[in-house]
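Spelled out, the chains give:
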Amino acid sequence: MKMPIPDYLTEILDHVRDSDGGEVADYIPELAGADPDRLALALCTTSGHVYSAGEHADVEFTIQSISKPFVFALALQELGTDAVMEVVGLEPSGEAFNELSLDDNDNRPVNPMINAGAIAVNQLINGVDSSVEERVEKIRDLFSRLAGRELRIDGGLSASELDGADRNLSIAHMLRSYGIIRDSAHDAVRSYTDQCSILVTTRDLAVMSATLATGGVQPVTGERLLSPEACRLTLAVMSSAGMYDGAGRWMAGVGIPAKSGVSGGLIGTLPGQLGIASFSPRLDSQGNSVRGVRMFELLSHDMGLHLMSADQQSVPGVRSITRDGDDTVIRLQGTINFTAAENILHELSAHNLGGTRLVLDVSRVTSFNRMGRRMVKEGLRRLREDGFRCSIFDPDGVVTNLEFSDGTLVDTVDVL
Ligand code: GLN
């Protein structure tokens, strides 16, 4: 069976493809030349299955502010929470990403997702005495492991940003004047700008985001890279401050901890379930990708991903697969949301299904959400196309709508 998930992702891309609102960031000269029409979407589950759509899913772009949560997590892991909290707070700022602002009471940047906080956190990596080169290398090495491939820095872009970095330099001077950083303002901004200039693809970002979702184990390579505590705290800050002054509306509407970057990337992380990433360079006035935000709204709504919705608890959707003569019986269980349905379809396509008839037993399923039902039915339809006779055992009527997308009906069996 061919997995239907890339088709769903393509549907989402098709929905937003023609929208041309927003502007490409132009305060960094090299970003101004980016192709505004580039578009990609990728998703990685905590079991390490990666799906992508769009002809630009493997195109590289600079990570920009999406680097902030990962460097924050690295600092938490290297120094512990208390030491990191000495230089940065955890409160949402409700301000622009490049605001020249510190907390009125303690002079710390309010959170690590705005530039002031990210410059302060960058300075903690590899110790306060580290050279810029060693600090940046430590970050590049972690990002490479998070992505599962060797990443490089776009030196041209970094130099072009540094050339006009008056605002970030002012922030760094301000941090130095309060004793929050020790390096010269120029070195601090050079280090931070290099961190922002690491080249990633949409696919890389989905896997990196999924590593936060697992609590720190890179789901494809299996390598533990971050501690569960560091991931938890990072996701908490992403949920309140990841979308800058749009964070409150984002959490209400989309409900996924997220981080955006000015080159057009956007990541979302559903703890325990998924990492999602999108790429589309045109930005809104808050510096968030216009089509990226729209794609996340659609994904959250269609796939039932809002973190605050009641159907988020996730169990493996497949209880057992057994063979009985010509029949293969697939027993499902629990709440079938997107993640559970992905697990079911993955099991069905990986399993060497024998016999001629497949019976899907949903008697132990407590409920399907809309996306779970849609995906399981689509899986059955595709298995039927592959030549299996497919039917469903649904004594409690949990599937509710037995019509396939092509208008035919799912066969039912009365007894098992
Ligand atoms: N390097 C960029 C800057 O500091 C990152 C900002 C962003 O992506 N929002 O301006």
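Residues numbered from 1 in each chain as written. Predicted model: local features only at pLDDT ≥ 70, side-chain atom pairs only at ≥ 80, totals over all residues. Heavy atoms only, no water.

Asks: I keep staring at the site of the ligand and nothing clicks. Help me out?
Replies: Around the ligand sit Tyr27, Gln64, Ser65, Phe97, Asn115, Glu161, Asn168, Tyr192, Cys196, Tyr244, Gly261 and Val262, and that is every residue in its neighbourhood. One of the side-chain nitrogen or oxygen atoms of Tyr27 is found 2.4 Å away from an oxygen atom of the ligand. Burial of the ligand by the protein chains amounts to 99% of its free accessible area of 300 Å². A per-class count over the shell around the ligand returns six nonpolar, five polar and one charged. (Near = heavy atom within 4 Å. Polar contact = N/O pair within 3.5 Å; in protein donor to acceptor, adjacent residues only side chain to side chain. Areas by Shrake-Rupley, 256 points an atom, 1.4 Å probe, with all protein chains shown as cover. Nonpolar A, V, L, I, M, F, W, Y, C, P; charged D, E, K, R; others polar.)

Asks: Looking at this structure, how should I read the UniProt feature "binding site: substrate" (unreviewed entry) in the protein?
Replies: In the numbering used here, UniProt assigns the feature "binding site: substrate" (unreviewed entry) to Ser65, Asn115, Glu161, Asn168, Tyr192, Tyr244 and Val262. On the secondary structure map, Ser65 appears in the loop between β4 (61-62) and α3 (67-79). Look at Ser65 and you get buried, because its relative accessible area is 6%. If sequence neighbours within four positions are ignored, Ser65 has contacts with Asn115, Tyr192, Tyr244, Lys259, Ser260 and Gly261. Of note, Tyr192 is situated in helix α9 (residues 185-196). Residue Tyr192 is classed as buried on the basis of its relative accessible area, which comes to 3%. Look past the residues within four positions of Tyr192 in its chain and what remains in contact with it is Ser65, Lys68, Asn115, Ala118, Ile119, Asn122 and Asn168. (UniProt positions renumbered as here; feature names shortened; annotations may be inferred. Helix = DSSP H or I, 4+ residues; strand = E, 2+ residues; numbered from the N terminus. Buried < 20%, exposed > 50% of the residue type's maximum accessible area, 1.4 Å probe, protein only. Contact = heavy atoms within 4.5 Å.)

Asks: Mind showing me how you'd approach the sheet that holds strand β13 (residues 389-393) here?
Replies: Pairing between sheet strands relies on hydrogen bonds along the backbone, with the strands arranged either parallel or antiparallel. Read across the open sheet, the five strands follow the order β10-β11-β12-β13-β14; overall the sheet is mixed. If you trace the sheet from one side to the other, it starts and ends with β10 (318-324) and β14 (411-412), each paired once. The pairing of β13 with β14 spans two bridges and is parallel. Pairing of Ile392 across the sheet is with Thr412, part of β14. Together, β10 and β11 (327-336) form the strand contacts of helix α14 (residues 338-350), whose direction differs from that of β11 by roughly 165 degrees. (Pairing = 2+ DSSP bridges. Axes fitted to C-alpha atoms, helices over the stretch in contact; angles between N-to-C directions.)

Asks: Explanation requested: the nonpolar core in the structure shown.
Replies: Where a protein is soluble and globular, its nonpolar side chains tend to be buried together. By size, the foremost hydrophobic cluster in this structure holds 76 residues, and its most contacted members are Phe72, Phe143, Leu205 and Met208. It is α3 that provides the largest number of residues to this core, a total of seven residues. When residues no more than four places from it in sequence are discounted, the contact partners of Phe72 are Val84, Met85, Val88, Leu90, Pro112, Met113, Val121, Leu233, Thr234 and Val237. One finds Leu9, Val16, Leu41 and Phe388 within the second-largest nonpolar core, a separate group that totals 59 residues. (Core = buried A, V, L, I, M, F, W, Y, C linked by side-chain atoms within 4.5 Å.)

Asks: Quick question: what am I supposed to make of the UniProt feature "domain: STAS" (unreviewed entry) in the protein here?
Replies: Per the UniProt entry, the sites bearing "domain: STAS" (unreviewed entry) are residues 329-387 in this numbering. Spanning residues 329-387, this segment combines 49% helix with 34% strand, and its end C-alpha atoms are found 16 Å apart.

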